[in-house]
Amino acid sequence: MITVLLADDDILVRQGMRVLVESAGDLAVVAEAADGEEAVRLAASTRPDVVLMDVRMPGQDGITATREIASWDPPRPRVLVLTTFDLDEIVHDALQAGADGFLLKRSTPEELIEAIRTVAVGDALISPALTRRLLSYVASRNQTGPSASTLVVPLTDREAEVLKCLSEGLSNAEIAAKLFIGQETVKTHVKRICSKTGARDRTQAVVWAYQAGFVGS
């Protein structure tokens, strides 16, 4: 069973999310929060697998709450940011804060359920369209970045292929299918890529790839 914490200041939204989440047999809502501070407190006490985090809430916002939860020692709750706003700066700030995924509230119920499952097992989740927009936004704010030649140990051909797939917004399962390898093998490659690039996670690795000119826009 995957446990979920709902963080949104709109009680009607939370009630709707609870019904939707619990309609899936493998998901259960363990707590609800109306602001970021309450979300952090309840995440600490209930230790859910996934926190569905709204961005704009009164008091402590979702970005600040995400940053705090992401700073905890593992295993920590995974944070899936869920918002009506798809502004590039919000996506960027949420991911920089350590969010494990970003999903728009206009997504379908099936997409939300699958997103929760995806981040719960350790995958990051950003749609391909948002990934491309994020990279373009990062490029507009960072005119200079690290060089691919600064790698202490160069990426292998397979790691390069995996990194390019990550830059396309593909999940581990999609990468495995595209490259005809196992999902565990993909996870191993992602860990090695992060280690070699100094990235915190797969999202940061993609940002590195763009800034270093490893992949184009």
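Residues numbered from 1 in each chain as written. Predicted model: local features only at pLDDT ≥ 70, side-chain atom pairs only at ≥ 80, totals over all residues. Heavy atoms only, no water.

What's the story with unusual backbone geometry in this structure? I'm lost.
Backbone geometry follows two general trends: most residues other than glycine have a negative phi, and most peptide bonds adopt the trans configuration. At the junction of Pro 74 and Pro 75, the peptide bond is cis and its omega measures out at 0 degrees in the coordinates. Within the fold, Pro 75 resides in the loop between α3 (62–70) and β4 (78–83). Residues other than glycine seldom take positive phi values, yet Arg 47 does so here, at roughly 45 degrees. Looking at where Arg 47 falls in the secondary structure, it is placed in the loop between α2 (36–46) and β3 (50–53). (Helix = DSSP H or I, 4+ residues; strand = E, 2+ residues; numbered from the N terminus.)

Quick question: what am I supposed to make of the nonpolar core here?
Looking at soluble globular proteins, one finds that nonpolar side chains tend to be buried together. Core analysis: the largest hydrophobic core is formed by 26 residues, its most contacted members being Leu 5, Ala 7, Met 53, Ile 69, Val 81 and Phe 102. Listed by contribution, the elements that provide at least two residues to this core are β1 (2–7), β2 (27–33), α2, β3, α3, β4, α4 (88–96) and β5 (101–104). Contact partners of Ile 69, with chain neighbours within four places excluded, come to Val 40, Ala 43, Val 51, Met 53, Arg 76, Pro 77 and Val 79. (Core = buried A, V, L, I, M, F, W, Y, C linked by side-chain atoms within 4.5 Å. Buried < 20%, exposed > 50% of the residue type's maximum accessible area, 1.4 Å probe, protein only. Contact = heavy atoms within 4.5 Å.)

Would you mind showing me how to read the sheet that holds β5 here?
An order of β2-β1-β3-β4-β5 is seen for the five strands of this open sheet, with the pairing classed as parallel. The open sheet has two edge strands with one neighbour each: β2 and β5. Taking the axes of each pair of neighbouring strands and ignoring which way they run, one obtains an average angle of 25 degrees across the sheet. Here β1 runs beside β2; their pairing, made up of six bridges, is parallel. In the sheet register, Thr 3 faces β2, and the bridge partner there is Ala 28. (Pairing = 2+ DSSP bridges. Axes fitted to C-alpha atoms, helices over the stretch in contact; angles between N-to-C directions.)

What exactly am I supposed to notice about the side chain of Glu 159 here?
By the secondary structure assignment, Glu 159 is in helix α7 (residues 157–167). Leave out the neighbours within four places in its chain, and Glu 159 touches Pro 154, His 189, Arg 192, Ile 193 and Lys 196.

Any chance you could explain the pattern of salt bridges here in plain terms?
For side chains bearing opposite charge, pairing can occur when the charged atoms are close. Counted according to the given criterion, the structure contains 13 salt bridges. Where Arg 78 meets Asp 100, a salt bridge forms, and the shortest distance between an N and an O atom there is 3.2 Å. One end of the pair, Arg 78, is in strand β4; the other, Asp 100, is in the loop between α4 and β5, with 22 residues separating them in the sequence. The same class applies to Arg 78 and to Asp 100, which are both buried. Taking the shortest distance from any N to any O, the salt bridge between Arg 117 and Glu 114 comes out at 3.7 Å. (Salt bridge = Lys/Arg side-chain N within 4 Å of Asp/Glu carboxyl O.)

Could you clarify how one ought to interpret the side chain of His 189 in this entry?
Here His 189 is to be found in helix α9 (residues 183–197). If near-sequence neighbours (up to four positions away) are discounted, His 189 is found in contact with Arg 158, Glu 159, Val 162 and Ile 181.

Looking at this structure, how should I read helix α5 (residues 109–120)?
In an α-helix, one turn spans 3.6 residues, which is why side chains three or four residues apart end up on the same side. If you check α5, its first and last C-alpha atoms are 17 Å apart, about what twelve residues at 1.5 Å a residue would give, namely 16 Å. The inward-facing, buried residues of α5 contact β1, α1 (11–22), β2, β3, β4 and β5. Positioned one or two residues after α5, Gly 122 has a phi angle of 105 degrees, which is positive. (Expected span 1.5 Å × (residues − 1).)

Teacher, can you tell me more about the environment of Gly 169 here?
Inspection of the secondary structure puts Gly 169 in the loop between α7 and α8 (172–179). Spatially, the C-alpha atom of Gly 169 lies 9.1 Å from that of Val 206, the residues being 37 residues apart in sequence.

What am I meant to see in the environment of Glu 184 here?
As for its placement among the helices and strands, Glu 184 is situated in helix α9. When the C-alpha positions of Glu 184 and Ala 173 are compared, they lie 9.5 Å apart, and in sequence the two are eleven residues distant.

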